[in-house]
Protein chains: 2
Amino acid sequence: MATRIFIVDDHYMIIEGIKSLLQNEKGIEWMGHAMNAASCMAFLQMHTPDIILLDINLPDKSGIELCKEIKVSFPKINIIGLSSFNQQSYINKIMENGASGYVLKNATREDLVDAIEYVMEGKKYLSEEAAFIIKKNEGSKIPILTRREKEVLLLIAEGMTNNEIATKLFISTTTVDTHRKNLLAKFEAKNTATLIRMATQHAFI
Amino acid sequence: MATRIFIVDDHYMIIEGIKSLLQNEKGIEWMGHAMNAASCMAFLQMHTPDIILLDINLPDKSGIELCKEIKVSFPKINIIGLSSFNQQSYINKIMENGASGYVLKNATREDLVDAIEYVMEGKKYLSEEAAFIIKKNEGSKIPILTRREKEVLLLIAEGMTNNEIATKLFISTTTVDTHRKNLLAKFEAKNTATLIRMATQHAFI
DNA sequence: CACACAATCCCCTAAAAACAGGATTTTTAG
DNA sequence: CTAAAAATCCTGTTTTTAGGGGATTGTGTG
């Protein structure tokens, strides 16, 4: 039985590229594509692919969010993350949210086919580069922020002072200061500049 | 005579996608691809395409740099910028460096064909979204930084204080402070957080 | 040769952030 | 239920930034 593949990506060129790369592969059935999260979920009401190739960046919501939702509603569908970015944060996040693999957009046809085969066998697949990134950054962890910390972080990035943030969130300035301290500690940053740089690098902003 | 197209991109899927989108177009001759700046320049020693589709992000150097170099050595070749990012800074920069057009990677086949036709007629082409971005941000210019300001900016982003930067650059702390003030003014940022965010958004960091 | 501009330096004040300790009350998850 | 985690608040001090003024020297361009 052929492996049914569905792809969710908002780039025509990528959709065409993958279609083209896979079209002569035996045992692979192309089910089509969606260009956003909403139409992906609509498609899944009617059809059941074996594997979804899922872009990290979608217009209506993050691929990571969508991945989580798909796995809740359709746990049997395997998901392979797809993106241009070889950032550890993305790779980790989508794998933690139930994806079975991760492939960079500069993958070759062989990489793609390997990924699909591995995943269909129930194994996890990480492209070489993705695995390398993970390994390289084994020590430097991505901080886990609480709801409130994320909120404060974004307001800091907006250029607001502790005082302004306190007013906006209806809490005391000292509380904001505490959150700020915790953010600095979690990112191992010694000041705001490093904090914001780290946060953008880890895709928090 | 057919329009000879060459593409420089490090993503197989994009190369395949564009090839697939263009393969049935009349009057377009596919010359092949390069996956980095070096092999692109090597190719150009032997062949002369009419149009190069050039990715902004290449492994060995930025597409913007490569664009400039190509236009110096081969001024007759027209270049169309290509990227996933609809950031004003990229669009502006590559157009300033001699590109004749800019297309986002979520372009349709029609967009691509339009771009190629326009450029072959000697006109400039901006995809709808790119034009929108440019128009939207007409007022908010990208600051022009001096050599020293860039240097100081990077050190601020590293988390260094004015004092540390002064020591590192063998200048007075007050001088660093002056540069810092100018940076804040140029970015219209009221504090370090906004400064760093703006700088990363405009690809200075 | 002017003139703009970059780079350098200075003073002063006020505001904000960083550092160092706490402590209490909710929430959440096992 | 209970222990851990999160969110809240506090009192200090020191360091760093931000904002307001200046000023001098060199460099390159019209």
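First, a word on what this report is: a plain description of the structure on this page. Computed from a predicted model, the values in this text were never measured in an experiment.

Rules used throughout
- Residues numbered from 1 in each chain as written.
- Chains lettered and ligands numbered in written order.
- Predicted model: local features only at pLDDT ≥ 70, side-chain atom pairs only at ≥ 80, totals over all residues.
- Heavy atoms only, no water.
- Buried < 20%, exposed > 50% of the residue type's maximum accessible area, 1.4 Å probe, protein only.
- Helix = DSSP H or I, 4+ residues; strand = E, 2+ residues; numbered from the N terminus.
- Pairing = 2+ DSSP bridges.
- Right-handed = clockwise from strand over helix to strand, strands pointing away.
- 1 Å grid on protein atoms, 1.4 Å probe; cavity = no way out; pocket = protein on both sides within 12 Å on 5 of 7 lines; lining within 4 Å.
- Points joined across faces, edges and corners; volume = space filled by probe spheres on them.
- Contact = heavy atoms within 4.5 Å.
- Buried area = accessible area lost by both parts, 1.4 Å probe.
- Salt bridge = Lys/Arg side-chain N within 4 Å of Asp/Glu carboxyl O.
- Polar contact = N/O pair within 3.5 Å; in protein donor to acceptor, adjacent residues only side chain to side chain.
- Nonpolar A, V, L, I, M, F, W, Y, C, P; charged D, E, K, R; others polar.

This part covers the pairing of strand β3 (residues 51-55) of chain A. Residues in a regular strand project their side chains so that they alternate between the two faces of the sheet. Residues and elements named next belong to chain A. In terms of burial, β3 is largely enclosed, as five of its five residues are buried. Neither face of β3 is open: one carries Ile51, Leu53 and Asp55, the other Ile52 and Leu54, and all of them are buried. Across five bridges, the pairing between β3 and strand β4 (residues 78-83) is parallel. Opposite leucine 53, over in β4, you have isoleucine 80 as the bridge partner. For the segment spanning β3, helix α3 (residues 63-73) and β4, crossover handedness is right-handed.

This part covers empty space enclosed by the protein. Evaluated as defined, the whole model comprises one cavity of 30 Å³ or more. Reported here for the largest cavity is a volume of approximately 40 Å³. In terms of lining residues, the largest cavity is bounded by His11, Ile14, Ser84 and Lys105 of chain A together with His11, Ile14, Ser84 and Lys105 of chain B.

Quick look at the sheet that holds strand β1 (residues 3-8) of chain B now. All names here are of chain B. In spatial order, the strands read β2-β1-β3-β4-β5-β6; together these six strands make up an open sheet with parallel pairing. Every other strand in the sheet has two partners, leaving β2 (28-34) and β6 (125-126) as the edge strands with one partner each. Pairing of strand β5 (residues 101-104) with β6 involves two bridges; the strand directions are parallel. In the strand pairing of β6, tyrosine 102 is matched with leucine 126.

Turning to the interface of chain A and chain B, a few remarks are in order. Taken together, the contacts link 36 residues of chain A with 36 residues of chain B. Counting each side, the surface lost to burial between chain A and chain B is near 2,700 Å², with a carbon and sulfur contribution of 64%. If you sort the residues of chain A by the area they bury against chain B, Tyr12, Met13 and Arg197 of chain A come out on top, with a joint share of 24%. Along the contact surface separating chain A from chain B lie two salt bridges. When the shortest N-O distance is used, the salt bridge between lysine 190 of chain B and glutamate 164 of chain A registers 3.1 Å. Between the two partners, chain A and chain B, sit eight residue pairs in polar contact (both at pLDDT 80 or more). Within the residue set of the side of chain A that touches chain B, elements represented by two or more residues are α1 (12-22), β5 (101-104), α7 (147-157) and α10 (192-201) of chain A. Examining the composition of the side of chain A that touches chain B, we find that eight residues originate from one element, α1 of chain A, more than from any other. Of the residues contributing to the side of chain A that touches chain B, the split by class is 17 nonpolar, twelve polar and seven charged.

So far we have only geometry, and geometry alone does not tell us how the molecule works.
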